[in-house]
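If you want the building blocks of each chain, they are given just below.
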Amino acid sequence: MLNMFSSPAAFFPVFLEFVFVLIGLQFFYTAFKSLKASDGEKKIPTFIFWIVLGLLFALGKVIPPIVSGLLVVVIAIISLFNGIKIRGSKEVSEKVQVRSAKRLGFKVFIPVLIMALLAIILAKLIPESSSSILGLTALIAIVLAMVLTKSSFKDMLDSSDRMVQQVGAMAILPQLLAALGAIFAAAGVGDVIADIIGGIIPAVNPWTGSIAYVLGMVLFTMIMGNAFAAFTVITAGIGLPFVIAQGANPAIAAALAMTAGYCGTLLTPMAGNFNLLPVALLEMKDKNAVIKEQALFSILLIIVHILLMRFWAF
């Protein structure tokens, strides 16, 4: 136990598991709230979804991989058949929200700003904390928010439960997409893409390479919903043979490829955190409203990226 505190390299991996356990406990609480709901519609599948997700987070390190895979299939099937219902959270009245907003004013942003500032400072001072840093700063921000709002622990749990339920099945989308990117890379999808692009592009030059690399990142990010997952595959399949091999600066080309992928993020419902989560939290009627607002800016940025790739990277 004492060895855990002897160095950041020993402490932060253990702390990261502690954060995962806390997330799992929050999912267990959501499962409990959904089971307590008087309405019987979709009660059991909703309960199973949150319990299984809680197990994957809280006990993921000790559960055998095959069992984890089967549990992921279970929650995926529940999501596929729309088996999750938002329930069990007590909504804060509009009157209370307005009164709290007037009392707090801009102080409501203090916890999130401190969270961001601490994350930057810790990442610089303790590089070993990078994988655990958001969990640590999030816990600090939660405590500050409870102090500022004079909320109880129960209030915090209920607010977290309400947000978790509004997110719903999208809570598992980032993890699944990241895993899919690793599978694609291991399966050699990049080589397949390189062969396809090589057959489409008649003559490789800086212009065609730049267009292929940028559009490849945009399109594959739209499919994957995650630019990080797309980057390995597209860089191996297009970036290396068609851009860097033509003399482009690797650092500039790779940086532009990543931000080009973010342009694809603006255009796809697969990017649940960015495009579907706001719709759920704000209870918007049009599920594609966020994407529609971003589409024009994304297209303009794609064109800018092609030009930057061509004239800056080369």
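The model shown is predicted, which means the values in this text are computed figures rather than measured ones. (Residues numbered from 1 in each chain as written. Predicted model: local features only at pLDDT ≥ 70, side-chain atom pairs only at ≥ 80, totals over all residues. Heavy atoms only, no water.)

### Points about the overall build of the chain
Cut-off, in case you're wondering: What counts as a helix is a DSSP run of H or I of at least four residues, what counts as a strand is a run of E of at least two, and both are numbered from the N terminus. Only protein chains enter the area calculation, which uses a 1.4 Å probe; residues under 20% of their type maximum are buried, those over 50% are exposed, and those in between are partly exposed. When checking whether two residues touch, look at their non-hydrogen atoms; a contact exists if any pair is within 4.5 Å. Areas reported as accessible are Shrake-Rupley estimates using a 1.4 Å probe. Residue values count occlusion only from the protein chains shown.
Helix and strand counts for the chain come out as 14 helices and 0 strands. Across the 314 residues in the chain, those meeting the buried criterion constitute 37%. When contacts within the chain are restricted to residue pairs at least 6 apart in sequence, those whose partners lie at least 24 apart make up 73%. Just so you have it, the chain exposes about 17700 Å², and 75% of that area is on carbon and sulfur atoms.

### Some points on helix H10 (residues 206–224)
Our working definition: The span you would expect from a helix comes to 1.5 Å times its residue count less one. Nitrogen and oxygen atoms within 3.5 Å of one another constitute a polar contact, given that in protein one can donate a hydrogen and the other can accept it, and given that sequence-neighbouring residues count only through two side-chain atoms.
Over its 19 residues, H10 runs 26 Å from end to end, which matches the ideal 27 Å to within 8%, given 1.5 Å per residue. Gly 209, Ser 210, Ala 212, Tyr 213, Val 214, Gly 216, Met 217, Val 218, Phe 220, Thr 221 and Met 224 are the residues of H10 that are buried. Where H10 begins, one side-chain oxygen reaches toward the backbone nitrogen of Trp 207, 2.9 Å away; that side chain belongs to Asn 205. Gly 225 lies just past H10 and shows a positive phi near 80°.

### What to know about helix H14 (residues 289–313)
Our working definition: At any given residue, the bend is defined as the angle formed between two axes, one fitted to the seven residues that end at that position and one fitted to the seven that begin there.
Between the first and last C-alpha of H14 there are 35 Å, a value that for 25 residues agrees with the 36 Å anticipated at 1.5 Å per step. At Ala 295, H14 is deflected by roughly 40°, the largest bend along its length. Looking at H14, one finds that the buried residues are Ala 289, Val 290, Ile 291, Gln 294, Ser 298, Ile 302, His 305, Ile 306, Met 309 and Ala 313.

### Some words on the packing of aromatic side chains
As a reminder of what qualifies: Ring pairs shown here join Phe, Tyr and Trp side chains whose ring centres sit within 6.5 Å, with only the six-membered ring taken for Trp; geometry is labelled stacked below 30 degrees between planes, edge-to-face above 60, and tilted in between.
Taken as a whole, this structure holds 7 aromatic pairs when the rule is applied. Arranged with centres 5.9 Å apart and planes meeting at 40°, the rings of Phe 15 and Phe 18 form a pair that is tilted. One end of the pair, Phe 15, and the other, Phe 18, are both in helix H1 (residues 8–36), 3 residues apart, so they sit about a helical turn from each other. Exposure remark for Phe 15: the relative accessible area of 10% places this residue in the buried category. Centre to centre, the rings of Phe 20 and Phe 57 are 6.1 Å apart; their planes meet at 65°, and the pair counts as edge-to-face. Placement of the pair is Phe 20 in helix H1 and Phe 57 in helix H2 (residues 43–58), with a sequence separation of 37 residues.

### Quick look at the pattern of salt bridges
Put simply, the rule is: Whenever Lys or Arg places a side-chain nitrogen within 4 Å of a carboxyl oxygen from Asp or Glu, that contact is recorded as a salt bridge.
What the rule picks out here adds up to 2 salt bridges. Measuring nitrogen to oxygen at the nearest pair gives 3.7 Å for the salt bridge that ties Lys 33 to Asp 158. Placement of Lys 33 in helix H1 and of Asp 158 in helix H7 (residues 153–167) is noted, with a sequence separation of 125 residues between them. The partner of Lys 154 in a salt bridge is Asp 158, with the nearest N and O atoms 2.9 Å apart. Taken together, the positions of Lys 154 and Asp 158, both in helix H7 and 4 residues apart, correspond to about one turn of that helix. Each of Lys 33, Lys 154 and Asp 158 takes part in a single network of salt bridges with overlapping partners.

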